[in-house]
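Commentary on secondary and tertiary structure
For reference, the chains in residue letters:
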Amino acid sequence: MRIISSDLGKEKGKLNRFFSECIGAGRAGEVMRHNAYEQLKTVQKECDFKYIRFHGLFHEEMIIVSRDDDGKLKFNFRYVDMLFDSLLEIGLRPIVELGLMPEIMAEKEKYVFWWKMNVSMPKDISEWESLVYETVKHLTYRYGEDEVKKWYFEVWNEPNHPAFFSEYTDINKYFELYDGASRAVKRVNSDYRVGGPASAGLAWVSETIDHCRKNDVPLDFISTHYYGVEGAFDSDGTRVTRLKPVEYLTDAIKSRASEICKKEGYPLLVTEWSSSYSPRDPIHDSYVSAPYLLRAIRQCEGHADMMSYWTYTDIFEEVGPPPTPFHGGFGLINVQSLKKPTFHVYSFLNKLGDTELFCDDESAYACRSEREMQLLLWNYVHPETEMSNKKYFTQPLPAKQLEDVSIVLSGFECEKAYTVSVETLGYKMGDVYNAYLDGGFTELPTREEEKLISAKAEPKKTVITVTSDKDGKLEFALPQSENQVDFIKISL
């Protein structure tokens, strides 16, 4: 029998909340939409992230830059102000992705995404530096130096990837962009934080550090991306993916990025991560993704300073508008604002108290606050299948029953009755995708049907009363099935 034990009096220290430092969004223009912003407010209320990162700040729909009659650049930050004001209003600071290239400045007509983001070098590198400088200067004017010092400026997105940079085979071309942007940021304020390379697959980490040191170029942090399936960008949502064991992701982060950053003295920001890089991968909708995420987060603790899940919403258009309610989108919430199991994972993590307690189980958190103890526990069983994600995770996937887990907790008052509240995720427990399948829908559900599905998307809730023994020990058992997550609260 699995036994999870902890003691109220044995404190490990302050809980490392690196997992909730940042959340991803598709692009700036999407976040400004009413439904997407309302969803973001829900995410913030229940999951409480500190930062948000997105593409497309320099895209044409944000109308930052144009030319006057003489051909010189002129700037307009009204939409940027609208966006950043709304983010700060709900307690989110931006990781400002400096990129990609405004079309009027671009050397080539080379694009990525359905919404056409230009991925080429500028015709004139001095104009690129001017764009960054004027943007950061304006942000400073509007929000003040003390506020902007708390932000991050990240140069470009995945410059080592053929989809995201026309010169992806030439790292020195990226360094031209990075050097100009980082120096422009520091011209505004030397205390502002700037970094990169925001690379795909943990690449270019050592090279970026070496380049910046040799050339006296500012570098305050390293950022990079990694996903839980082999491969890269899914340009049309048709690539075949197969989920790898969690260690495929976590071991790579530890050995190929964390070790280097620790040795060289730089914070490591994993500014994109997920079970899959594809916005059409049904693992994102499956209840199996909940324990997968928790296992990955737990294993990366102490190795990454930030893990930014990609993304908070399925209102996301890299390969075009979402075609169906459940299409394998990245989001914690789907287009109809239905909460996926991954949403509840971050909600549970947010409910953990700030003081972590020692716990002898690697798949559990034990924490406390002033009037409550919390336990978050999970079991992850990796699928044993040769099927692709698109075939495997679109099935119902009933979970096998496991032996009960025994909870043994010490440090309570002697012979006292305690209320124990349990919220459970698993097969058909907080499992919105299977609720949708059970409904037999062949098209978008009506608003009334959405309400019914939404209710079934909530975790299963159980309340029991447990009395401590004469030594102040509290013991009880919980039924378990494969890939189950339990969040337990005990009022003190």
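Notes on the structure follow. Please read all numbers here as calculations on a predicted model, not as lab measurements.

1. A short note on the packing of helix H7 (residues 205-214) against helix H8 (residues 246-264)
Look at H7 against H8: their axes get within 10 Å of each other, and the N-to-C directions meet at 25 degrees. Classified by the angle between their axes, H7 and H8 sit roughly parallel to one another. For the pair H7 and H8, contact is made by Val 205, Ser 206, Ile 209 and Arg 213 and by Ile 260, Cys 261 and Glu 264, respectively. Considering only residue class, the contact of H7 with H8 consists of four nonpolar, one polar and two charged.

2. Some points on the sheet that holds strand E17 (residues 401-410)
Backbone hydrogen bonds are what pair the strands of a sheet, in a parallel or an antiparallel way. Ordered by their spatial adjacency, nine strands build an open sheet running E19-E18-E21-E16-E15-E14-E1-E17-E20, and the pairing between neighbours is mixed. On the outer flanks of this sheet lie strand E19 (460-467) and strand E20 (474-481), each paired with one strand and no other. Sheet twist, expressed as the average angle between the axes of neighbouring strands with direction ignored, equals 25 degrees. Two strands pair when backbone bridges link them, and strand E18 (residues 417-425) and E19 are joined in this way by eight bridges, in the antiparallel orientation. Paired with Thr 419 across the strands is Thr 465, a residue of E19. Against the sheet, helix H10 (residues 341-351) engages strand E15 (364-369), strand E16 (372-378), E18 and strand E21 (485-491), with an angle of about 150 degrees to E18.

3. As for the pattern of salt bridges
All told, the structure shown has 34 salt bridges when counted by the stated rule. Linking Asp 361 and Arg 2 is a salt bridge whose minimum nitrogen-to-oxygen distance equals 2.9 Å. One end of the pair, Asp 361, is in the loop between strand E14 (355-359) and E15; the other, Arg 2, is in strand E1 (residues 2-14), with 359 residues separating them in the sequence. Of the residues examined, Asp 361 reaches a relative accessible area of 13% and is grouped as buried. Here Arg 2 falls in the partly exposed class, since its relative accessible area comes to 24%. Here Arg 53 makes a salt bridge to Glu 272, at a shortest N to O gap of 3.0 Å. Of this pair, Arg 53 sits in strand E3 (residues 51-55) while Glu 272 sits in strand E12 (residues 268-274), placing them 219 residues apart in sequence. Within the structure, one salt-bridge network assembled from shared partners comprises Arg 27, Glu 30, Arg 33, Glu 61 and Glu 317.

Cut-offs and rules
- Sequence order as written defines residue numbering, which begins from 1 separately in each chain.
- With pLDDT at 70 or above as the cut-off, local features in this predicted model cover only qualifying residues; side-chain atom pairs require 80 or more to be listed or tallied, and sums for whole chains, interfaces and linings still use all residues.
- For the side-chain quantities, the full set of heavy atoms in the structure was used; hydrogens and water were omitted.
- All axes here are fitted lines through C-alpha atoms, helices being fitted over the stretch that makes contact, and every angle between N-to-C directions spans 0 to 180 degrees.
- In this text, helices come from DSSP runs of H or I with a minimum length of four residues, and strands from runs of E with a minimum of two, each type numbered from the N-terminal end.
- In what follows, roughly perpendicular refers to angles from 65 to 115 degrees, roughly parallel to angles under 35, roughly antiparallel to angles over 145, and oblique to any angle outside these ranges.
- When checking whether two residues touch, look at their non-hydrogen atoms; a contact exists if any pair is within 4.5 Å.
- Residue type decides the class: Asp, Glu, Lys and Arg count as charged, Ala, Val, Leu, Ile, Met, Phe, Trp, Tyr, Cys and Pro as nonpolar, and the leftover types, Gly among them, as polar.
- When DSSP finds at least two bridges between two strands, those strands are taken to pair.
- Here a salt bridge means any side-chain nitrogen of Lys or Arg lying within 4 Å of a carboxyl oxygen belonging to Asp or Glu.
- When accessible area is computed with a 1.4 Å probe and restricted to protein chains, residues below 20% of their type maximum are described as buried, those above 50% as exposed, and intermediate ones as partly exposed.

Purely geometric stuff here, so don't read any function into it on its own.
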